[in-house]
Amino acid sequence: MSIFVDENTRVVVQGLTGSQGRFHGLRNRAYGTKVVAGVTPGKGGQDVEGIPVYDTVEAAVAAEGADASFVVVPPRAAPDAILQAAAAGIRLIVCITEHIPAKDEAYVAALLRRDFGRTRLIGPNCPGVISPGKCNIGITSGDIALPGGPVGIVSRSGTLTYQALHELSQQGVGQTTCVGIGGDPVPGTTFVDVLQAFQADPETLAVMMIGEIGGDGEERAADYIKAEMTKPVVAYVAGVTAPEGRKMGHAGAIVSGSRGTAKAKIEALEAAGVIVAPNPTEAGELMVKVVESLDDGRAAASPRQ
Amino acid sequence: MDLYEYQGKQYFARFGVPTSSGEAADTVAEAVAAADRIGYPVVLKAQVQVGGRGKAGGVKLAANREEAELHAGNILGLDIKGHVTKRLWIEKATDIAREYYVSFTLDRAAKVYLCLVSARGGIDIEEVAATAPDSIARLHIDPLVGLDRAAAAAQVAAAELDEEAREEAADTLVALYRCFVEGDADLVEVNPLVLTTEGHVLALDAKVTLDDDAGFRHPEWTEFVDFGDVDVRERLAKEKGLNYIGLDGSVGIIANGAGLAMSTLDVVNQVGGSAANFLDIGGGANADVMANALEVINTDPKVRAILVNIFGGIVRCDEVARGILTALGRVALASPIVLRLDGTNAAEAHRIIEEAHSDSIVTELTMISAAKAAVEIAASAA
C-alpha cells in the first residue's frame with residue numbers, strides 16, 4: 001500500500017498548457033500516472049499530447065473523474081487554483097509553486113480548514129509525492145525511486161529528498177511513498193500528518209525523515225514519534241553549521257524558545273528514539289541496516305505475505 | 001527584506017501607527033540641520049540591523065546643537081557588533097512614562113497569526129518570556145476573521161497595560177495589524193511601545209520584515225533599497241539571482257537546492273574544514289547559472305578550493321557536466337574544483353569530465369569523499 005496516492009489516482013494538472021506544467025505533467029504521465037486532464041482558463045477544448053484541457057477543475061472532475069490535482073501555476077494564480085480544486089471536490093492537491101506570499105498561504109490554509117476539511121494540500125513549494133511504480137505527482141525524477149517498499153520518506157527539502165531516494169534505491173531498498181512537504185512558512189501537510197499516515201500503512205515498515213533548520217515541525221514530529229509511533233525512524237537534519245540569518249526582533253524566539261536550531265531538533269528526535277545521522281549518506285546506510293534487521297525479525301516471526 | 005528602524009517608522013505611518021516625527025541623515029552636517037528643524041531635545045539613533053545599539057553608544061539624547069554635532073560625529077562610523085553605522089535617524093525626544101512590547105507574526109504550527117503584547121517592554125523581552133511567560137498576552141488571529149477594535153481592546157486589557165494607555169494602544173494594535181497583513185510583513189515588532197507623560201501612545205522603535213514574495217503587489221517597496229550595508233559578493237550574487245551568504249572559511253560551496261547546500265556545509269565541517277559561503281543555485285544547474293556561481297566565488301580571496309555538489313534528478317548529470325566545462329571556458333578560476341555529481345546519468349557525466357582532462361577539476365563519488373578532498377586542497381594551499 002501507499003499513502004495519499006496509488007495506481008488508481010486520477011490527476012488533473014492545473015497549468016498543463018504552460019511550459020512547466022506541460023514538462024512535468026507529461027513526465028508524470030510517462031511514469032505511469034493516470035494524468036486524465038489539464039485545466040487552463042480559456043483553453044478548454046484543447047489537448048496536450050492527448051490529455052484533454054478544461055476551463056475549470058469542476059469540468060475536469062465531471063468529465064474525467066479526477067480526484068487529485070497537480071498545481072503548476074505562477075505564485076499569483078496559485079491560491080485561487082488551490083481553492084478552485086478544493087471547491088471542485090478534489091481530495092489531494094499537490095502544489096509545487098514557489099514564492100507564494102505568506103499571507104496568501106495563511107489565507108488558503110484557513111479557508112481549507114474552515115470549508116474543505118477533507119481536502120489535503122501538499123506544499124506549496126514542494127517536490128510532490130511519488131509512490132514508486134504507481135503514481136508520481138510533482139517534479140521528482142521517477143528514475144531514482146524503487147518500487148516495493150518497505151520505507152516511507154518524508155522531507156522538507158527538494159534535492160535532499162532526491163538524495164534520500166537515490167541512497168536507498170542504490171542499496172536495493174524500495175519505498176512505499178515519498179512525500180516532499182516543502183519548506184514554506186505554512187505547509188499544507190506537516191511531518192506529523194505524513195508520519196501518522198505511514199504509521200497506519202501496513203506496507204510501510206520504517207520511515208526516513210529529512211528535516212532542516214527553522215520552524216518547529218521536527219520537534220512536533222519528535223513529540224508524535226515518542227507518543228504514537230511504533231515503526232523505526234531514521235532522520236537527517238540539515239543545517240547544523242548553517243549561518244544564522246540576520247535575526248530581526250524577538251517574536252520568533254518568544255514563540256519557539258530554543259526550538260528551531262538543528263541542535264534542538266536533533267536532540268528532540270534522539271530523545272524520541274529516532275536514529276539521527278550526521279549526513280544523508282549515513283542516513284541511507286543506517287536505514288539499510290534497519291531494513292535488514294526488520295527482514296530478519298519478520299522472517300523469524302511470520303513469513304512474508 | 002528587513003527594514004531599518006527609520007524605514008519601519010515610515011512604513012508604520014502609512015497605516016496610521018503613531019510614531020515620533022524625525023529625519024534620516026548620513027553626515028554630521030545633515031544631522032545638525034535635521035535636529036535644528038525638528039527642535040531640541042532630539043534623540044540620535046544609529047541605523048543598524050542589530051540589537052544592543054543603545055548599550056554600544058548608538059543612541060544619544062541631544063539638548064542642543066553642540067550636543068547633536070558631538071553625538072552625530074561619534075555615532076556615524078561607530079562599529080556595533082560588526083555593523084558600521086552609516087545613517088542616523090533623528091527624532092523628537094519623547095518623555096516616557098511606561099514601556100510596552102507588541103508584535104505580530106505567523107504561528108507556523110497553528111497556521112494562524114499571533115499577536116504578543118506585554119506591559120513589560122523596553123527591557124530584554126526574551127528574558128521576560130523565559131522568566132515570566134504569563135506576563136505576555138498571546139492572541140491567535142484567524143486570517144479569515146482579522147483583528148477588530150473590540151478584540152484589540154480585549155488584548156491590551158489581557159496584557160494589563162495601564163488604564164490610561166488602553167484606548168490608544170488598542171487603536172495602535174489595529175493599525176499595526178493592518179500594517180502586518182495589508183503591508184505583507186512577516187514580522188512587525190515594537191519594543192518599546194511607549195506611554196508618554198502626556199498620556200499618548202507612540203511606537204518608539206520599529207522592526208519590520210517584509211515578505212519578499214509579496215513584492216509584486218508593493219511597487220512602493222523599491223524606496224527601501226539598501227544604502228550599502230551589504231557584502232559585495234552578496235550583492236553580486238543577488239544581481240545574478242543566486243542565493244549566497246558569505247562565511248569565514250576557505251572552501252567555496254556550490255550546490256543545487258538549499259537543503260543540499262546546507263548539508264554540504266555540514267559535511268565540510270564534519271571532516272574538519274570550514275565553508276567560505278553558502279550558495280544555492282536552485283534545482284537546475286545549466287552552464288550560465290554555473291558560470292555565474294563560479295564568478296561570484298572566484299572574487300572571494302579566502303577561497304582555496306571550490307566544492308561543487310550537484311544532485312541530478314530531472315536535471316541530468318551529463319548536462320550539468322557539460323555546463324561546468326562551458327563555464328570553465330568563461331571563468332579563469334583561482335582555485336581548483338572538487339566535483340561531486342550524483343543522480344541521473346552520473347556515470348556518463350564522470351566520463352565527460354574525465355575526457356576533458358581539465359587540471360582544475362577533481363571528481364569524487366560521494367559527498368564525504370568530495371568534502372575531504374576539498375578540505376585537503378584548501379589546507380595545503382593555505
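Each value, and the rule that gives it
Residues numbered from 1 in each chain as written. Chains lettered and ligands numbered in written order. Predicted model: local features only at pLDDT ≥ 70, side-chain atom pairs only at ≥ 80, totals over all residues. Helix = DSSP H or I, 4+ residues; strand = E, 2+ residues; numbered from the N terminus. Rg over C-alpha atoms; globule rule 2.2 N^0.38 Å. Contact = placed C-beta atoms within 7 Å. Buried ≥ 20, exposed ≤ 12 C-beta atoms within 10 Å, placed from the backbone. Pairing = 2+ DSSP bridges. Axes fitted to C-alpha atoms, helices over the stretch in contact; angles between N-to-C directions. Parallel < 35°, antiparallel > 145°, perpendicular 65-115°, else oblique. Left-handed = near helix turned anticlockwise from the far one by under 90°. Nonpolar A, V, L, I, M, F, W, Y, C, P; charged D, E, K, R; others polar. Domains from an automatic or database assignment. Core = buried A, V, L, I, M, F, W, Y, C linked by C-beta atoms within 7 Å. Expected span 1.5 Å × (residues − 1). Right-handed = clockwise from strand over helix to strand, strands pointing away. Arc of directions from axis to C-beta.

(A) Expanded view of the overall build of chain A. Along chain A, the regular secondary structure elements total 10 helices and 14 strands. For chain A, whose C-alpha radius of gyration is 19 Å, the value lies close to the compact-globule estimate of 19 Å for 305 residues. Along the three orthogonal principal directions, the C-alpha set of chain A runs to about 55 × 55 × 30 Å. Across chain A, every contact between residues at least 6 apart in sequence was considered, and the portion connecting residues at least 24 apart equals 72%.

(B) The overall build of chain B, seen in detail. When its secondary structure is counted, chain B shows 12 helices and 18 strands. Taken over the C-alpha atoms alone, chain B extends approximately 80 × 50 × 40 Å along its principal axes. The buried share of chain B, taken over its 382 residues, is 48%. Taking the intrachain contacts of chain B between residues at least 6 apart in sequence as the baseline, contacts between residues at least 24 apart amount to 70%.

(C) Examining the sheet that holds strand 3 (residues 59-62) of chain B more closely. Residues and elements named next belong to chain B. If you trace the 4 strands from one edge of the open sheet to the other, you get 1-6-2-3, paired in antiparallel fashion. Bordering the open sheet on either side are strand 1 (22-25) and strand 3, each of which pairs with just one other strand. Averaged over all neighbouring strand pairs, the angle between strand axes comes to 20°, with direction disregarded. Looking at chain direction, strand 2 (residues 42-46) and strand 6 (residues 88-92) are connected through 5 bridges and run antiparallel. In the sheet register, Ala46 faces strand 6, and the bridge partner there is Leu88. Those strands touched by helix 2 (residues 28-38) are strand 1, strand 2, strand 3 and strand 6, and its axis lies near 15° from that of strand 6.

(D) Fine view of the packing of helix 10 (residues 317-330) of chain B against helix 11 (residues 346-356) of chain B. Residue and element names in this part refer to chain B. Across the interface, helix 10 lies against helix 11 with an axial gap of 7 Å and an inter-helix angle of 25°. When the axes of helix 10 and helix 11 are compared, the pair comes out roughly parallel. As helix 10 packs across helix 11, the resulting crossing turns out to be right-handed. Only Ala346, Glu348, Ala349, Ile352, Ile353 and Ala356 of helix 11 make contact with helix 10, whose side of the interface consists of Cys317, Asp318, Val320, Ala321, Arg322 and Leu325. Residues that form the contact of helix 10 with helix 11 fall into these classes: 9 nonpolar, no polar and 3 charged.

(E) Highlighting the domain arrangement of chain B. Entries for chain B in the domain assignment read domain 1 (21-92), domain 2 (96-224) and domain 3 (232-381). Taking only C-alpha atoms, the centre of domain 2 of chain B and the centre of domain 3 of chain B are 43 Å apart.

(F) Main features of the nonpolar core. Counting residues in each nonpolar core, the largest one holds 217 residues, and the members touching the most others are Val71 of chain A together with Leu307 and Ala374 of chain B. Element by element, the count of residues in this core is highest for helix 6 (residues 163-181) of chain B, at 9 residues. Not counting the four nearest positions on each side in its chain, Val71 of chain A is found in contact with Gln14, Gly15, Ala78, Ala81, Ile82, Ala85, Ile93, Val94, Cys95 and Thr97 of chain A.

(G) Local environment of the interface of chain B and chain A. On the chain A side, the residues contacting the 55 residues of chain B number 50 residues. Every element with two or more residues in the side of chain B that touches chain A is listed here: strand 7 (96-107), strand 8 (112-118), helix 4 (125-131), strand 10 (185-196), strand 12 (207-210), helix 8 (258-270), strand 17 (337-343) and helix 12 (367-381) of chain B. For the side of chain B that touches chain A, the element with the most residues is helix 8 of chain B, which contributes 10 residues. The residue inventory of the side of chain B that touches chain A, partitioned by class, reads 26 nonpolar, 15 polar and 14 charged.

(H) Spatial organisation of helix 9 (residues 287-298) of chain B. Residue and element names in this part refer to chain B. When the terminal C-alpha atoms of helix 9 are compared, their 16 Å separation across 12 residues agrees well with the 16 Å that a helix rising 1.5 Å per residue should span. For helix 9, the full list of buried residues reads Val289, Met290, Asn292, Ala293, Leu294, Val296 and Ile297. Looking at the buried positions of helix 9, the neighbouring elements they touch are helix 7 (232-239), strand 13 (243-246), strand 14 (251-255), strand 15 (277-280), strand 16 (305-312) and helix 10.

(I) Quick look at the domain arrangement of chain A. All names here are of chain A. According to the domain assignment, chain A consists of domain 1 (10-122) and domain 2 (128-300). Here domain 1 and domain 2 have C-alpha centroids that lie 26 Å from each other. In this assembly, 16 residues from domain 1 lie in contact with 15 residues from domain 2. Elements with a minimum of two residues in the side of domain 1 that touches domain 2: helix 1 (19-30), strand 5 (68-71), helix 4 (102-115) and strand 7 (120-122). Across the side of domain 1 that touches domain 2, the residue classes break down as 11 nonpolar, 3 polar and 2 charged.

(J) Structural detail: the pairing of strand 18 (residues 361-364) of chain B. Residues and elements named next belong to chain B. The pairing of strand 17 with strand 18 spans 4 bridges and is classified as parallel. Bridging across to strand 18, Leu339 finds its partner in Thr363. After leaving strand 17, the chain enters helix 11 and then returns to the sheet as strand 18, a path that is right-handed.

(K) Region of the structure containing the environment of Asp67 of chain A. All names here are of chain A. Looking at where Asp67 falls in the secondary structure, it is placed in the loop between helix 2 (57-64) and strand 5. A sequence separation of 59 residues divides Asp67 from Asn8, and the C-alpha atoms of the two residues are 9.5 Å apart. When neighbours within four sequence positions are excluded, Asp67 is seen to be in contact with Thr9, Arg10, Ile90 and Arg91.

(L) Quick look at unusual backbone geometry. A cis geometry characterises the amide bond from Gly123 of chain A onward to Pro124 of chain A, with omega recorded as 5°. Its location among the elements puts Pro124 of chain A in the loop between strand 7 and strand 8 (128-131). Of the consecutive residues Asn191 of chain B and Pro192 of chain B, the connecting peptide bond is found in the cis state with omega at 10°. For Pro192 of chain B, the position within the fold is in strand 10. A positive phi is found at Glu49 of chain A, a non-glycine position, where the angle reads about 50°.

(M) Representation of the sheet that holds strand 7 of chain A. All names here are of chain A. Read across the sheet, 7 strands follow the order 3-4-2-1-5-6-7 without closing on themselves; strand pairing throughout is mixed. Either end of the sheet is taken by a strand with one partner, and the two such strands are strand 3 (47-48) and strand 7. Of the strand pairs in this sheet, strand 3 and strand 4 (residues 51-54) are connected by 2 bridges, and their pairing is antiparallel. The residue bridging Asp47 from the neighbouring strand is Pro52, located in strand 4. Of the strands in this sheet, strand 1 (10-14), strand 2 (34-39), strand 4 and strand 5 touch helix 2, which is tilted by about 145° from strand 2.

(N) Layout of helix 2 of chain A. Residues and elements named next belong to chain A. By the burial criterion, the buried members of helix 2 are Val57, Ala60 and Val61. Taken down its axis, helix 2 places every buried residue within 100° of arc, on the same side. Of the surrounding secondary structure, the elements contacted by the buried residues of helix 2 are strand 1, strand 2, strand 4, strand 5 and helix 3 (78-87). Two residues or fewer past helix 2, Gly65 is found with a positive phi of approximately 65°.

(O) Structural view of the pairing of strand 14 of chain B. All names here are of chain B. Among the 5 residues of strand 14, 5 are classified as buried, and the element is accordingly described as predominantly covered. Along strand 14, one buried face is formed by Val251, Ile253 and Ala255 and the opposite face, lined by Gly252 and Ile254, is buried too. Here 5 bridges tie strand 14 to strand 16, and the two strands are oriented parallel to one another. Looking at strand 16, one finds that Ala255 is bridged to Asn309.

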